[in-house]
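Examining the three-dimensional arrangement
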Amino acid sequence: QVQLVESGGGSVQPGGSLRLSCVASGSTFSINTMGWYRQARGKQRELVETGTNSGNINYADSAKGRFTLSRDNAKNTVFLQMNSLKPEDTAVYYCYVFAVPPGKDAIVYWGKGTLITVSS
């Protein structure tokens, strides 16, 4: 099992910045990918940005040039630096972990989510 604790959500004005953090604990040796998804009210959950242990990054077009994912593998932590925030970035942001335990099927873990509101 992997437990995830997110922090860093809140309210910000358009054009502002926020930084999200997510710390993983438990069976962290099985983690392959960490990152973030988001879900706006009335919409499906969607990819924001994820990164594998080997450094491969996958991101949404909406994140390109504005959001930066980073990982501290020694501390099992993933960060999302969000700049130039827009009202359409308003959503609940979920920490995401894709784990591959030895000899077992892959598992996806989700954090509880942290709300980001971008509004003037």
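Coordinates for the structure precede this section.
In this fold, N73 is placed in the loop between β7 (67–72) and β8 (77–82). Residues N73 and F98 lie 25 residues apart in sequence; the distance between their C-alpha atoms is 14 Å.

The four strands lie next to each other as β1-β3-β8-β7, forming an open sheet whose pairing is antiparallel. Each end of this open sheet is capped by a strand with a single partner; those strands are β1 (2–7) and β7. In this sheet, neighbouring strand axes are inclined to one another by 15° on average, regardless of whether the strands run parallel or antiparallel.

Looking at soluble globular proteins, one finds that nonpolar side chains tend to be buried together. By size, the foremost hydrophobic cluster in this structure holds 26 residues, and its most contacted members are L4, W36, F67, L80, M82 and Y93. Where this core is concerned, the elements lending two or more residues are β1, β3 (18–26), β4 (31–39), β7, β8, β9 (91–99) and β11 (114–118). Here this core takes five residues from β9, the largest share from any one element. The residues contacting F67, other than those within four sequence positions of it, are R38, V48, E49, L80, Q81, M82, N83, L85, D89 and Y93.

Procedures and definitions
Residues numbered from 1 in each chain as written. Predicted model: local features only at pLDDT ≥ 70, side-chain atom pairs only at ≥ 80, totals over all residues. Heavy atoms only, no water. Helix = DSSP H or I, 4+ residues; strand = E, 2+ residues; numbered from the N terminus. Pairing = 2+ DSSP bridges. Axes fitted to C-alpha atoms, helices over the stretch in contact; angles between N-to-C directions. Core = buried A, V, L, I, M, F, W, Y, C linked by side-chain atoms within 4.5 Å. Buried < 20%, exposed > 50% of the residue type's maximum accessible area, 1.4 Å probe, protein only. Contact = heavy atoms within 4.5 Å.

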